[in-house]
Amino acid sequence: MSIEFIFASLLLALLPGPDILFVLAQSISRGFKAAFSVSLGLVSGLFVHTAAVALGVAALVAASPVLLKILQYGGVAYLVWLGISAVRASGEKALRTAAGPGVGKLSFFQFYRRGVIMNLLNPKVIIFFLSFFPGFIPENTDYPGVFVFLLGTVFAGVTLCVFSSVSFAGGWLNKKWDIARFSNSRAFGWITAVIFWSIGAWIAWP
């Protein structure tokens, strides 16, 4: 594995994009554990995209404008739903408080599932992998699919390191300023919704 690929993967993972912004938003509002579970979900999605590229499925999807649009609008719809859910949940603070501490909170798996779904419904990841990976596959290799899996694994590992660092930094901010105590307020719900909707607009942008 070339140092160039690792360095390029690191730079790409650090670029402001929907995934890293999603992780940052979750870490600041929900803490490290929530953001890390989202990160694991996003990275799990990368393995699915890698397998699709290696098996040629991604090329078929990329060649079909209809399938790409289905994925694109599916992802946007999911983020719109998350935003609406954030607003609705913020208005139920009194009910959760009356029910007792911890009621209404999402589990580690639920945050993980959010990350997986968000990544899989982002067609730009497919296009990116199809354009990025071939440049690092040896021309004379008899096993290009194996190299794709190797590249995808390294890229996912680098991405997880970056997202984990972002999760830790955001979690530290959450703990330092006790941001979590505002997470059930109506204003915080709307802020979270705007973040989700902005990410959805990012995915929908051509």
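Values in this document were obtained by computation on a predicted structure and should not be read as measured data.

Asker: Just give me the short version of the overall build of the chain, but keep the residues and values in it.
Answerer: Counting its regular elements, the chain contains ten helices and zero strands. Of all 206 residues assigned to the chain, the portion counted as buried reaches 41%. Taking as baseline every contact in the chain between residues at least 6 positions apart, the subset at least 24 positions apart corresponds to 84%. Per element, the accessible surface of the chain, about 11200 Å² overall, is 73% carbon and sulfur.

Asker: If you had to explain the environment of Ile 6 to someone new, which residues and values would you point to?
Answerer: Note that Ile 6 resides in helix α1 (residues 3-14). Sequence separation between Ile 6 and Phe 155 is 149 residues; the distance between their C-alpha atoms is 7.2 Å.

Asker: Give a detailed account of the packing of helix α3 (residues 32-55) against helix α8 (residues 123-132), specifying residues and quantitative values.
Answerer: In helix packing, the relevant descriptors are the interaxial angle and the interaxial distance, both defined with respect to the helix axes. Direction vectors running N to C along α3 and α8 enclose 55°, while the axes themselves pass 10 Å from each other. Taken together, α3 and α8 sit at an angle that is classed as oblique. The handedness of the crossing between α3 and α8 is right-handed. Across the interface between the two elements, Leu 46, His 49, Thr 50 and Val 53 of α3 pack against Val 125, Ile 126, Phe 129 and Leu 130 of α8.

Asker: If you had to explain the side chain of Ser 37 to someone new, which residues and values would you point to?
Answerer: Tracing the sequence through the fold places Ser 37 in helix α3. Residues in contact with Ser 37, not counting those within four places in the same chain, are Phe 108, Phe 111 and Tyr 112.

Asker: Please provide a residue-by-residue account of the packing of aromatic side chains, values included.
Answerer: In the structure shown here, the tally under the stated rule is 15 aromatic pairs. Note on Phe 5 and Phe 136: the rings are 5.0 Å apart at their centroids and 75° apart in plane angle, and the pair reads as edge-to-face. Separated by 131 residues along the polypeptide, Phe 5 in helix α1 and Phe 136 in the loop between α8 and α9 (144-177) bring together distant segments of the chain. Judged by relative accessible area, which is 0%, Phe 5 ranks as buried. Taking 5.5 Å as the distance between ring centres and 15° as the angle between the ring planes, the aromatic pair formed by Phe 32 and Phe 36 counts as stacked. In this pair, Phe 32 and Phe 36 both sit in helix α3, four residues apart, roughly one turn of the helix. By relative accessible area, Phe 36 is classed as partly exposed at 24%. Here a set of aromatic residues connected by ring pairs shows up, and it is made of Phe 5, Phe 128, Phe 129, Phe 132, Phe 133, Phe 136 and Phe 155.

Asker: Residues and numbers for the nonpolar core, please.
Answerer: Formed by 21 residues in total, the largest nonpolar core has its most connected members in Val 23 and Leu 79. When residues of this core are traced back to their parent elements, those giving at least two are α2 (18-30), α3, α5 (65-90), α7 (108-120), α9 and α10 (186-204). Ranked by the residues each element gives to this core, the list is headed by α5, at five residues. Excluding its chain neighbours within four sequence positions, the residues that come into contact with Val 23 are Ala 35, Val 38, Ser 39, Leu 42, Phe 163, Val 166 and Ser 167. Membership of the second largest hydrophobic core comes to 20 residues, among which are Val 53, Val 61, Leu 71 and Val 125.

About the criteria used
Sequence order as written defines residue numbering, which begins from 1 separately in each chain. Local features in a predicted model are, by the rule used here, given only for residues with pLDDT of at least 70; side-chain atom pairs are given and counted only at 80 or more, and totals for whole chains, interfaces and linings are based on all residues. Hydrogen atoms and water are omitted, and side-chain values are computed over all heavy atoms in the structure. Every helix listed is a DSSP run of H or I at least four residues long, and every strand listed is a run of E at least two residues long, numbered separately from the N terminus. Note on classification: 1.4 Å probe, protein chains only; a residue is buried when its accessible area is under 20% of the maximum for its type, exposed when over 50%, partly exposed between these limits. Only heavy atoms enter the contact rule, under which two residues are in contact if any of them lie within 4.5 Å. Methods summary: accessible areas were calculated by the Shrake-Rupley approach with a probe of 1.4 Å, and residue burial reflects only the protein chains presented. Every angle, taken between N-to-C directions, lies between 0 and 180 degrees, and every axis is a line fitted to C-alpha atoms, over only the stretch in contact when it is a helix. If an angle is under 35 degrees, it is roughly parallel; if it is over 145, roughly antiparallel; if it lies from 65 to 115, roughly perpendicular; otherwise it is oblique. Crossing handedness follows the turn of the near helix against the far one: under a right angle anticlockwise gives a left-handed crossing, and clockwise gives a right-handed one. What counts as a ring pair is set by centres within 6.5 Å for rings of Phe, Tyr and Trp (its six-membered ring), and what kind of pair is set by the plane angle: stacked under 30 degrees, edge-to-face over 60, tilted for all other angles. In plain words, nonpolar cores are sets of buried Ala, Val, Leu, Ile, Met, Phe, Trp, Tyr and Cys residues tied together by side-chain atoms within 4.5 Å.

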